[in-house]
Amino acid sequence: MPEPIDQSDLLEQIVDFVVPSRPPYETSVYLYLLRRSRLIGQPGVQVGKRTIGEGPGKGTRSGHGNYQHITEKLTNLAREGFIAIGETDRSGTTYLVSLPAEVPVVRERMATLAPAAATVNHYRDPELRDELFERDEWKCRYCGEGLSRETASLDHIHPVSKGGNDDPDNLAACCLMCNSLKSGTTYAEAAPQILERLRRTRTA
């Protein structure tokens, strides 16, 4: 069975994205076909141009029964992906109908106008920084020194200058001294200085 269509989402997509993107009559024809296909659980509908002309066709600028005008609008809808035009027989033409969110031009418009997702940044957000200090038990990842709010900092394990990012896995709780020694380098590069500092501290 086809999945049920969320009517509120569908209405929003039609009003916000279909109507502004198509001429009024093309929209009317599309909605006419949509109503007789996807909204009743069918992928498409077989209908003649005369029937369409007796429905939304009455609103064409050239009046009722202008099949050339209807053909033009159906061709436009097919070109944009709103419908696919199938075989024609004595009962009419088969039209496979796309939901708005399946139409490329509508999807593009939806993506363009969608609100940008809030950016989560563990390096800059104070609450998220605290989560990382808690994760590392308020100890410097490099020298093991206990940290306080006054002495705690976050170090980029893979430096930003070398392509590192602000993802949690690339951030380590760090004392100010180790952060200063490691600045702009990898741990392997800074290790001799960090170990020498530890040696001096323990022998002092």
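Conventions and cut-offs
- Residues numbered from 1 in each chain as written.
- Predicted model: local features only at pLDDT ≥ 70, side-chain atom pairs only at ≥ 80, totals over all residues.
- Heavy atoms only, no water.
- Axes fitted to C-alpha atoms, helices over the stretch in contact; angles between N-to-C directions.
- Helix = DSSP H or I, 4+ residues; strand = E, 2+ residues; numbered from the N terminus.
- Parallel < 35°, antiparallel > 145°, perpendicular 65-115°, else oblique.
- Contact = heavy atoms within 4.5 Å.
- Nonpolar A, V, L, I, M, F, W, Y, C, P; charged D, E, K, R; others polar.
- Buried < 20%, exposed > 50% of the residue type's maximum accessible area, 1.4 Å probe, protein only.
- Pairing = 2+ DSSP bridges.
- Phe/Tyr/Trp six-rings, centres within 6.5 Å; stacked < 30°, edge-to-face > 60°.
- Arc of directions from axis to C-beta.
- Patch = residues over 30% accessible without salt bridge, like charges linked within 9 Å, V, L, I, M, F, W, Y side chains within 5 Å.
- Areas by Shrake-Rupley, 256 points an atom, 1.4 Å probe, with all protein chains shown as cover.
- Salt bridge = Lys/Arg side-chain N within 4 Å of Asp/Glu carboxyl O.
- Lys, Arg positive; Asp, Glu negative; His and termini not counted.
- Charge placed at Lys NZ, Arg CZ, Asp CG, Glu CD.
- pLDDT = per-residue confidence, 0-100.

A. Molecular detail of the packing of helix H2 (residues 24–35) against helix H4 (residues 67–80). Between H2 and H4, the shortest axis-to-axis distance is 10 Å and the interhelical angle comes to 75 degrees. By the criterion of interaxial angle, the relationship of H2 to H4 is roughly perpendicular. The residues of H4 that touch H2, namely those facing Tyr 25, Glu 26, Val 29, Tyr 30 and Leu 33, are His 69, Ile 70, Lys 73, Leu 74, Asn 76 and Leu 77. For the contact of H2 with H4, a count of residues per class yields seven nonpolar, two polar and two charged.

B. Local environment of the packing of helix H1 (residues 7–18) against helix H5 (residues 104–113). For the pair H1 and H5, the least separation of the axes is 10 Å and the interaxial angle reads 85 degrees. Our classification of the angle between H1 and H5 gives roughly perpendicular. Contact residues: Gln 13, Asp 16, Phe 17 and Val 18 in H1; Val 106, Arg 109, Met 110 and Leu 113 in H5.

C. Local environment of the pairing of strand S4 (residues 152–156). Most of S4 is tucked away, with five of its five residues classed as buried. Of the two faces of S4, both are covered, the one formed by Ala 152, Leu 154 and His 156 as well as the one formed by Ser 153 and Asp 155. Sheet analysis places S4 next to strand S5 (residues 171–175), joined by five bridges and oriented antiparallel. For Ala 152, the partnering residue across the bridge sits in S5 and is Cys 175.

D. Inspection of the packing of aromatic side chains at higher detail. Scanning the entire structure with this criterion turns up three aromatic pairs. When the ring of Phe 133 is compared with that of Trp 138, the centres are 5.0 Å apart and the planes differ by 35 degrees; the resulting orientation is tilted. With relative accessibility at 4%, the residue Phe 133 sits in the buried group. Look at Trp 138 and you get buried, because its relative accessible area is 17%. Judged by centre distance (5.3 Å) and plane angle (15 degrees), the ring pair of Tyr 142 and Tyr 187 falls under stacked. You can see Tyr 142 sitting in the loop between helix H6 (126–135) and S4 and its partner Tyr 187 sitting in helix H8 (residues 187–203), a full 45 residues away along the chain. With relative accessibility at 12%, the residue Tyr 142 sits in the buried group. Exposure remark for Tyr 187: the relative accessible area of 33% places this residue in the partly exposed category.

E. Up close: H1. The complete set of buried residues in H1 reads Leu 10, Gln 13, Ile 14, Phe 17 and Val 18. An end-on view of H1 places all buried positions within 115 degrees of arc, on one side of the element. Each element contacted by the buried residues of H1 is listed here: H2 and H5.

F. Layout of a negative patch on the surface. Judged by side-chain charge, Asp 6, Asp 9, Glu 12 and Asp 16 come together as a negatively charged surface patch. Relative to the elements of secondary structure, Glu 12 occurs in helix H1.

G. Here's a closer look at the confidence of the model for the chain. When the pLDDT values of the chain are averaged, the result is 86; 90% of them are 70 or greater. Low confidence marks residues 60–65, where pLDDT is under 50. Its contacts with residues over four positions away, or in another chain, come to eight contacts.

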